Amino acid sequence: MTLVKSVLLFVLAALAEIGGAWLIWQGVREQRGAVWIGAGIVALGLYGFVATLQPTADFGRVLAAYGGVFVAGSLAWGVVVDGFRPDRWDVAGALICLLGVAVIMYAPRG
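This structure is a prediction, so every number in the text was calculated from the model and none was measured.

1. Points about a nonpolar patch on the surface
On the surface, a cluster of nonpolar side chains totalling about 420 Å² of accessible area is made up of Leu3, Val7, Val11, Leu15 and Tyr106. When residues of the nonpolar patch are assigned to their parent elements, the largest contribution, four residues, is made by helix H1 (residues 2–29). One can find Leu3 in helix H1.

Below you can see the structure in the form of C-alpha cells.
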C-alpha cells in the first residue's frame, strides 16, 4: 500500500506543480490576468505540501525522484491540455526519467 500511496502522491504533486506553472503561464504569456496567476501561485504552494506527504523522510530523494515525474508529467500535460505531440525522443526521455524515479524511490535498500 505504501507504493500505491507514493505513486498517487507523485501524481497529485505533478498536477499541482505543472498545473500551477501552466496557470501562471496563461496569466502572463496569454494575458489572462491576475486571477490565473494567483491560482497558479496557490497550486504551486499546494505542491510543496503534497511533497511532504511522501512515505520516505529523505527530502533529497523525494525531490530528485519527483524531477523524473515532472518531466513525464509535463509532456503528458502538454498532450492533454495543449495538444502537444511528443516525438519518439520525448517519449524515450520520459520513460528513462520514470525508470530513474523507480530506481531512486523503490529500489531495495539495506
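Having seen the model, we can carry on.
2. Brief notes about the packing of aromatic side chains
With the rule as written, the count across this model stands at five aromatic pairs. Where Tyr66 meets Phe70, the ring centres are 6.3 Å apart and the plane angle is 55°; that geometry is what we call tilted. One end of the pair is Tyr66 and the other is Phe70, both in helix H3 (residues 59–82) and four residues apart, which spans about a single turn. Pairwise contacts between aromatic rings join Phe10, Tyr47, Tyr66 and Phe70 into one cluster.

3. Comments concerning helix H4 (residues 88–106)
Taking 1.5 Å per residue as the helical rise, H4 with its 19 residues ought to reach 27 Å, and the 26 Å between its terminal C-alpha atoms agrees with that figure. Of the surrounding elements, those touching the buried residues of H4 are H1 and H3. The opening residue of H4, the one whose side-chain oxygen lies 3.0 Å from the backbone nitrogen of Trp89, is Asp87.

4. Digging into the side chain of Gln26
By the secondary structure assignment, Gln26 is in helix H1. Its relative accessible area of 7% is what places Gln26 among the buried residues. Residues contacting Gln26, with those up to four places away along its chain left out, are Gln31, Arg32 and Trp36.

5. With respect to the domain arrangement of the chain
Domain annotation of the chain identifies domain 1 (1–55) and domain 2 (57–109). Its C-alpha centre places domain 1 at a distance of 15 Å from the equivalent point of domain 2. Listed per partner, the contact involves 15 residues of domain 1 and 15 residues of domain 2. Contact between domain 1 and domain 2 buries roughly 1200 Å² in total, counting both sides, with carbon and sulfur atoms accounting for 76%. When the buried surface of domain 1 facing domain 2 is broken down by residue, Phe10, Ile18 and Trp22 rank first, second and third, together holding 49% of it. For the pair domain 1 and domain 2, the interface holds zero salt bridges. Residues belonging to the side of domain 1 that touches domain 2 are distributed by class as follows: 11 nonpolar, three polar and one charged.

The rules behind the values
Residues numbered from 1 in each chain as written. Predicted model: local features only at pLDDT ≥ 70, side-chain atom pairs only at ≥ 80, totals over all residues. Heavy atoms only, no water. Patch = residues over 30% accessible without salt bridge, like charges linked within 9 Å, V, L, I, M, F, W, Y side chains within 5 Å. Areas by Shrake-Rupley, 256 points an atom, 1.4 Å probe, with all protein chains shown as cover. Salt bridge = Lys/Arg side-chain N within 4 Å of Asp/Glu carboxyl O. Helix = DSSP H or I, 4+ residues; strand = E, 2+ residues; numbered from the N terminus. Phe/Tyr/Trp six-rings, centres within 6.5 Å; stacked < 30°, edge-to-face > 60°. Expected span 1.5 Å × (residues − 1). Contact = heavy atoms within 4.5 Å. Polar contact = N/O pair within 3.5 Å; in protein donor to acceptor, adjacent residues only side chain to side chain. Buried < 20%, exposed > 50% of the residue type's maximum accessible area, 1.4 Å probe, protein only. Domains from an automatic or database assignment. Buried area = accessible area lost by both parts, 1.4 Å probe. Nonpolar A, V, L, I, M, F, W, Y, C, P; charged D, E, K, R; others polar.

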